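Observations on the three-dimensional arrangement
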Amino acid sequence: MNTVKNIDIDGKTIFIRCDFNVPKDEFGNITDDRRIREALPTIRYCIDRGCKVVLASHFERPKAGVFTPEHSLEDVAKRLDTLLKIKNRLYFDDSKQGAVITPRAKELFENMACGDVLLLENLRFDKGETENSEEFAKKLSQFGEIYINDAFGACHRKHASIHAITKFYTKETKAAGFLLTKEVNFFSKILNEPTRPFVAIVGGSKVSGKLQALHKLLDSVDKLIIGGGMAFTFLKQLGYEIGKSLVEDELLNEAQLVMDKAKEKGVKLYLPVDIVAAAEFKENTTVKYLPTQEIPKNWMGLDIGPASTRLFREVLNDAQTIIWNGPMGVYEMDKFAKGSTKMAHYVAETHATTIVGGGDTADVVARSGDIDEMTFVSTGGGASLKLLEGETLPGIEALKA
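Below, the structure is looked at part by part. Along each chain, residue indices are assigned from 1 in the same order as the chain's sequence is written. Local features are withheld for residues below a pLDDT of 70 in this predicted model, meaning they are given only at 70 or higher, and side-chain atom pairs are given and counted only at 80 or more; totals for whole chains, interfaces and linings count all residues. To get the side-chain values, all heavy atoms of the structure are used, and hydrogens and water are removed first.

**A word on the packing of aromatic side chains**
Our working rule: Between the rings of Phe, Tyr and Trp (Trp by its six-membered ring), a pair exists once the centres lie within 6.5 Å; its type follows the angle of the planes, with under 30 degrees stacked, over 60 edge-to-face, and the other angles tilted. Only DSSP runs of H or I covering at least 4 residues are called helices, and only runs of E covering at least 2 are called strands; the numbering of each starts at the N terminus. The classification of residues rests on relative accessible area computed with a 1.4 Å probe and restricted to protein chains. Under 20% of the type maximum is buried, over 50% is exposed, and intermediate values are partly exposed. Over a ring means this: the NZ of a Lys or the CZ of an Arg is within 6 Å of the ring centre and within 35 degrees of the ring normal.
Scanning the entire structure with this criterion turns up 7 aromatic pairs. When the ring of Tyr45 is compared with that of Phe178, the centres are 5.2 Å apart and the planes differ by 85°; the resulting orientation is edge-to-face. In this pair, Tyr45 is assigned in helix 1 (residues 34-48) and Phe178 in helix 6 (residues 178-192), connecting sequence segments 133 residues apart. With a relative accessible area of 14%, Tyr45 lands in the buried category. Phe178 gets classed as partly exposed once you look at its relative accessible area, which sits at 26%. Here a set of aromatic residues connected by ring pairs shows up, and it is made of Phe15, Tyr147 and Tyr169. Of note, Lys24 hangs over the ring of Phe59, and the distance from its end group to the ring centre comes to 4.9 Å. Between Arg49 and the ring centre of Tyr45, over which it is positioned, the NZ or CZ distance is 3.7 Å.

Pasting the structure below:
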């Protein structure tokens, strides 16, 4: 896979596929601009070489062909302008047409000078993006002599700006940006050559979304911690009463296979020993701290308890490599965020190489104030999970072709 450093880009027009799918609050304010900041090294590298730079990204899931202000990249353009510090040289198509390749976008492109940057509107305003349309991809390719993919978070999708577009570039005119290269190298090194003991922490709501990843991790790790809602499927399989807690009954046998494989491989597997339970899912509800064996039938577990966090801290004590994907509870509510927050603190306090994968987990470590203490925080949730599962990513394979 070529990287932007080993192809000739000087003075050329560069099309960079970024991932600016950033979180916003209910008022439309960007709450975490990490994905924008992570794209800056590639963009600046191209600007410094006298290139005209065209940026493209998706944002959430708008209805194709219809302009909706909440799905526009206008706020991203403003934040990018602040961060790039290239006064009056960042352009954005604000024609509000609910399209990507508009007359205004073409006009801005034609009038660009070396060092200028143009941000196109949300790619998903065109249905051709998610359909992996070659026709749409060909139109996008006209915005750059060189194609750079720096959108690791979207590389697991076969979309036009990730996959089909690469057919219009040769191996010498397409490459990975610095962020994509860093993400792939980190995950490859950690999974193939981890410094041991290697501990994986897997949480989140469902086993189904992470079943393959669990099996793959068991081939590499020395210890596996399972928390979050997915832990209840394992606890039920062990014969515990889990009340109204989230469970996937159809995956009880799969949970047993994971536990059997851990035993066969000599991997130490840890589940919560106590939980924070509530009768209903509300911020002001009454909660109880209970051993996992004592959940009342009409109550549900919404976070790991203090004994579990202390146990998991002991598990991490000798770790040299830690990979964490998925929160330990419903961290969005303060009442059920303590388990995830404490895990973030404990992971940050270790001397291990720490890798955080997944948007929710990154959000947890950001909220807990530990994000700067982590060795590496991935910008891609679905993409990082696919790498953990040992799958190839269409966006990366397309760059190699």
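**Let's talk about the environment of Tyr169**
For the record, the criterion: Contacts were defined at the residue level, with two residues in contact if any of their heavy atoms lie within 4.5 Å. In the analysis that follows, any N or O atom pair within 3.5 Å is treated as a polar contact, provided that within protein one partner can donate a hydrogen and the other can accept it, and provided that, for residues neighboring in sequence, both atoms belong to side chains.
Here Tyr169 is to be found in the loop between strand 5 (146-149) and strand 6 (174-176). Once you skip the residues sitting within four places of it in the chain, Tyr169 turns out to touch Phe15, Ser141, Gly144, Glu145, Ile146, Tyr147 and Lys174. Reaching out from Tyr169, the side chain makes a polar contact with the backbone oxygen of Ser141 at a distance of 3.1 Å. A distance of 2.7 Å separates a polar side-chain atom of Tyr169 from the backbone oxygen of Gly144.

**Concerning the sheet that holds strand 15 (residues 376-377)**
Strand pairing within a sheet occurs via backbone hydrogen bonds; the two strands may be parallel or antiparallel. To be explicit about the condition: The criterion for strand pairing is that DSSP finds at least two bridges linking the strands in question.
Taken in spatial order, the 6 strands of this open sheet run 9-8-7-13-14-15, and their pairing is parallel. Unpaired on one side and paired on the other, strand 9 (268-270) and strand 15 mark the two borders of the sheet. Relative to strand 14 (residues 353-356), strand 13 (residues 321-325) runs parallel, the two sharing 4 bridges. From the neighbouring strand, Thr321 faces strand 14, where its bridge partner is Thr353.

**Quick notes on helix 6**
Short version of the rule: Every helix has an expected span of 1.5 Å times one less than the residues it contains.
Over its 15 residues, helix 6 extends 21 Å from the first C-alpha to the last, a length consistent with the 21 Å expected when each residue adds 1.5 Å. Considered for burial, the residues of helix 6 that qualify are Leu179, Leu180, Thr181, Glu183, Val184, Phe187, Ile190 and Leu191.

**Some points on the side chain of Asn149**
By secondary structure assignment, the location of Asn149 is in strand 5. Reaching out from Asn149, the side chain makes a polar contact with the backbone nitrogen of Ala151 at a distance of 2.9 Å. Discounting chain neighbours no more than four positions away, the residues touching Asn149 are Arg17, Cys155, Ile162, Ala175, Ala176, Gly177, Leu180, Gly395 and Leu399.

Without other data, these values stay purely geometric and don't point to any function.
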